[in-house]
Amino acid sequence: MTPPTAHNPPGGPVQKDTTTPVLTIGRDGDIGGGTGRYGDGALGADSDDDIGGGGGGSSSSSSSRDNGSGGSDESGGRGRDIDIDGRSADGAWEELVTSALLGTDRRVPASLSGVTGPDLPGALLDAAALHTVRRRAGLRPGPAAPPPEPAPEDPREPLPAAARRRLDQLLAGRTAPSPAGRRGAAPDLAELLPQWLALAGEWGYRAPAAALPALLDAARARTDLRPQALRLAGPRGLWLARLNPDWRFALRGAGAGGALPAPDDQEGVRMLWDEGLFAERVALLAAVRTADPVAGRALLASTWSAERAEDRLMFLDSLRTGLSDADEPFLEAALGDRSRNVRATAAELLSALPNSALAGRMAGRAVSCVGLDRTAQSPTITVEAPHECDTAMQRDGLTATPPAGRGERSWWLGQLVEAAPLSCWPPRFGGRGPEEIVALPVADDWQGELHAAWCRAAVRQRDAAWSRALLGSPATPPATGPGTSSLAERAQLLSTLAPAERALWVASFIAAHGLSEAFQLLGVCEVPWAEPLGGAVIDALDIARDAGSYPWSFSGVMGLAERCLAPEAARQLEALTARPDEAEDIAPGAGGYWSEAFQRLVSTLRLRAAMRAELTQPPKVPERHGEPRPPAVPPHP
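Draft legend 1. Expanded view of the overall build of the chain. Secondary structure assignment for the chain yields 28 helices and eight strands. Carbon and sulfur atoms make up 53% of the accessible area of the chain, which amounts to about 32,100 Å² in all.

Next up, the structure:
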């Protein structure tokens, strides 16, 4: 309620006081209201005596004393012995607060007795601000924290200036909000960051120090960026990651991002293997196994019996690198492991060794179930699935209980054929090759089960001849072809072929069937897409546009094209960026959407070309001993 004044006599109507506004103090000590040189005259006096926005409500002078008086000298707070014009600091502050509560027209602080009229509210705010600054000046500084250890040196070459600017742009684009609705013609910078990091890694550059926080944030948000981002960040990135809990991921995994000992450092390897964290040990085993498969297996064998079951499973998986017949004794012993998952992984690895004892046992079981029916008018494959899954079969990795909806006998048959070496089938079928065997009819509707098992065996054993036979002709519809109609399984078969043959097969598939079923197949092709694959994708997109569909029906393929087409394809795409004339039978607005999508594709390809050019420009470095320093040479031209 407004207190009585000359303009508001007791019992009279409440009128607005335009000359001496009243200041109020809220519960937290904020002083509000008033006028003067601080705009609306808001003044805060919270627990830190901040001068800020005023609050409503009122408080007694004792509460303001609690909020403003501060602590004792022993607590390192404000002292009580500061005098202002002969009064204690507490008394001066209390006087200002009382005047603010009652209004300057009713109570004028003694320190402002010489100020009158409309200048008095502003003078009160000035005095309160000055008093707050004095009280803050009486604070004792806290003890300084010990400085961190200096960041290590990174001897790698710095990024060229243009590449540094591009990295900043890509990192900033990663956090930009996604546009609502139409994407427009601008490239998606977030999707170009992985390619930029891969290119920078090929050249062996180091990240600018100023970009390390944003780079670590990007790696924290996307796990697929972490290996390349941490490689670019280098030792300084790891040093910085130790100072922020949000970046702890960088200290896990590959030996804290590159802190692994050299594989030939026997003492360092032994110490980390015995004392390191689990993630460090996994990374160490993988590094040693890559450099020396025998040493890696020996390292694992030295502590195998003492490892936990879940750890044994992860360690055993590292033996896929450099897998050879020399690993058979260790894997054969692992078939007796108490963990079912460990036994299954050991059996899978042994089945990838055609000369292993397990492969021989599986071959004997498989050929006893699948053979050639010589009584039929034409050669036909006959199948007699197993009637039981005995203990020996389970020890060799077969799972006795099938998944829901799957018959037991077909489940056991599929596991046997998948684990049997593919080399056992030509002798079983009279010397026929993979293509002839796959072309044979299969009796009693067992073809789907048998061919699917052969597909898994070809992928596991990386057998290109069997993969080629099971893929069949790319012009044949998947539903009627050999092998499998699953595009995911076909993509796995393609991964066993050479990159050039893979691209040619997918290009022929697109030419025959269009893009609607090609997304998974394109994902396994080598980047950038080699011809004729790139041309086949562009032609198929042009056909889809002319057919009147919308571009978002092929958004997955368009996204792949932006990342995987060769930048030189921009010239071929330029003719498609123009907005075509729309016929009556075309979807409304489809031409404009396609034009926009092709413009985005062209601009993305040009940006990728610029990124590569910026990274291939050697940075300017100071001359040493009168001779210019040679530029860095990438490992791959």
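Draft legend 2. Spotlight on the pattern of salt bridges. Tallying each qualifying case throughout the model produces 29 salt bridges. Between aspartate 396 and arginine 361 there is a salt bridge; the shortest N-O distance is 2.9 Å. Taken together, the positions of aspartate 396 in the loop between helix H16 (391–395) and helix H17 (408–419) and arginine 361 in helix H15 (residues 357–369) put the pair 35 residues apart, joining distant regions of the chain. A relative accessible area of 3% places aspartate 396 in the buried class. Glutamate 418 serves as the salt-bridge partner of arginine 456, at 2.9 Å between the closest nitrogen and oxygen. With arginine 456 in helix H20 (residues 447–460) and glutamate 418 in helix H17, the pair connects residues that are 38 residues apart, well separated along the chain.

Draft legend 3. Geometry of the side chain of arginine 365. Counting through the fold element by element, arginine 365 comes out in helix H15. Judged by its relative accessible area of 18%, arginine 365 falls in the buried class. Each residue touching arginine 365, except ones within four places of it in the same chain, is listed here: Ala392, Met393, Asp396 and Leu416.

Draft legend 4. Main features of helix H22 (residues 487–494). Buried residues of H22: Leu487, Arg490, Ala491, Leu493 and Leu494, and no others. What you see down the axis of H22 is that its buried residues fit within an arc of 160°, all on one side. Contacts made by the buried residues of H22 are with H20, helix H21 (464–471), helix H23 (499–513) and helix H24 (519–522). For H22, the N-terminal cap is serine 486; the gap from its side-chain oxygen to the backbone nitrogen of alanine 488 is 3.4 Å.

Draft legend 5. Examining the packing of aromatic side chains more closely. Tallying each qualifying case throughout the model produces ten aromatic pairs. Judged by centre distance (6.2 Å) and plane angle (5°), the rings of tryptophan 203 and tyrosine 205 are stacked. Residue tryptophan 203 is classed as buried on the basis of its relative accessible area, which comes to 15%. Aromatic side chains phenylalanine 554 and tryptophan 594 sit 6.3 Å apart centroid to centroid with 40° between the ring planes, which places their arrangement in the tilted category. Here phenylalanine 554 is found in the loop between helix H25 (533–546) and helix H26 (555–564), whereas its partner tryptophan 594 is found in helix H28 (residues 590–616), with 40 residues between them in sequence. Here phenylalanine 554 and tryptophan 594 have matching classes, each one buried. Sitting over the ring of phenylalanine 249, arginine 226 keeps its end group 4.3 Å from the ring centre. Just above the ring of tryptophan 273 sits the side chain of arginine 281; from NZ or CZ to the centre is 4.1 Å.

Draft legend 6. The arrangement of unusual backbone geometry in detail. The linkage connecting valine 527 with the following residue, proline 528, adopts the cis geometry, with an omega of -5°. Secondary-structure assignment places proline 528 in the loop between H24 and H25. Cis geometry is adopted by the peptide bond preceding proline 532, which originates at glutamate 531 and carries an omega value of 10°. Positive phi outside glycine occurs at aspartate 445, with the angle close to 60°. Counting through the fold element by element, aspartate 445 comes out in the loop between helix H19 (434–439) and H20. The exposure class of aspartate 445 is exposed, given its relative accessible area of 78%.

Draft legend 7. The arrangement of the pairing of strand E7 (residues 370–373) in detail. Judged from the four bridges that link them, E7 and strand E8 (residues 380–383) form a sheet pairing that is antiparallel. Counted as the bridge partner of leucine 372 is isoleucine 381 from E8. Adjacent in sequence and paired antiparallel, E7 and E8 are bridged by six residues.

Draft legend 8. How the structure looks around H17. For H17, which comprises twelve residues, the first-to-last C-alpha distance of 17 Å matches the rise-based estimate of 16 Å (1.5 Å per residue) to within 8%. Summarising burial for H17: ten of the twelve residues are buried, a large majority. Within H17, the full set of buried residues consists of Ser410, Trp411, Trp412, Leu413, Gly414, Gln415, Leu416, Val417, Glu418 and Ala419.

Draft legend 9. Highlighting the environment of proline 261. Within the element layout of this structure, proline 261 appears in the loop between helix H8 (255–258) and helix H9 (266–275). Classification of proline 261 by relative accessible area gives buried; the value is 18%. Along the sequence, proline 261 and leucine 284 sit 23 residues apart, while their C-alpha atoms lie 8.1 Å from each other. When residues no more than four places from it in sequence are discounted, the contact partners of proline 261 are Gly268, Val269, Leu272 and Leu284.

Draft legend 10. Structural context of the packing of H20 against H21. Relative to each other, H20 and H21 sit at 145°, their axes nearing to 9 Å. Crossing angle aside, the handedness with which H20 passes H21 is left-handed. Across the interface between the two elements, His451, Trp454, Cys455 and Ala458 of H20 pack against Trp466, Ser467 and Leu470 of H21. Its residues assigned to classes, the contact of H20 with H21 shows five nonpolar, two polar and no charged.

Draft legend 11. Highlighting the side chain of threonine 484. Mapping threonine 484 onto the fold places it in the loop between H21 and H22. Classification of threonine 484 as buried rests on a relative accessible area of 10%. Within polar-contact distance, the side chain of threonine 484 engages the side chain of glutamate 489 at 2.8 Å.

Draft legend 12. Representation of the nonpolar core. Counting residues in hydrophobic clusters, the biggest one holds 104 residues, and the most contacted among them are Val370, Trp425, Trp454, Leu522, Trp529 and Leu533. Every residue in contact with leucine 533, bar those within four places of it in the chain, is listed here: Ala503, Val506, Ala507, Ile510, Leu522 and Cys525. Of all hydrophobic cores here, the second largest spans 36 residues; its members include Ala200, Ala218, Ala241 and Met611.

Draft legend 13. The arrangement of the packing of helix H12 (residues 309–317) against helix H14 (residues 340–351) in detail. Their axes nearest at 9 Å, the elements H12 and H14 cross at an angle of 15°. On the basis of the axis angle, H12 is roughly parallel to H14. As H12 packs across H14, the resulting crossing turns out to be left-handed. Residue-level inspection shows Ala309, Arg312, Leu313 and Leu316 of H12 in contact with H14, the latter providing Asn341, Val342, Thr345, Ala346 and Leu349.

Rules used in this analysis
- Residues numbered from 1 in each chain as written.
- Predicted model: local features only at pLDDT ≥ 70, side-chain atom pairs only at ≥ 80, totals over all residues.
- Heavy atoms only, no water.
- Helix = DSSP H or I, 4+ residues; strand = E, 2+ residues; numbered from the N terminus.
- Areas by Shrake-Rupley, 256 points an atom, 1.4 Å probe, with all protein chains shown as cover.
- Salt bridge = Lys/Arg side-chain N within 4 Å of Asp/Glu carboxyl O.
- Buried < 20%, exposed > 50% of the residue type's maximum accessible area, 1.4 Å probe, protein only.
- Contact = heavy atoms within 4.5 Å.
- Arc of directions from axis to C-beta.
- Polar contact = N/O pair within 3.5 Å; in protein donor to acceptor, adjacent residues only side chain to side chain.
- Phe/Tyr/Trp six-rings, centres within 6.5 Å; stacked < 30°, edge-to-face > 60°.
- Lys NZ or Arg CZ within 6 Å of the ring centre and 35° of its normal.
- Pairing = 2+ DSSP bridges.
- Expected span 1.5 Å × (residues − 1).
- Axes fitted to C-alpha atoms, helices over the stretch in contact; angles between N-to-C directions.
- Left-handed = near helix turned anticlockwise from the far one by under 90°.
- Nonpolar A, V, L, I, M, F, W, Y, C, P; charged D, E, K, R; others polar.
- Core = buried A, V, L, I, M, F, W, Y, C linked by side-chain atoms within 4.5 Å.
- Parallel < 35°, antiparallel > 145°, perpendicular 65-115°, else oblique.

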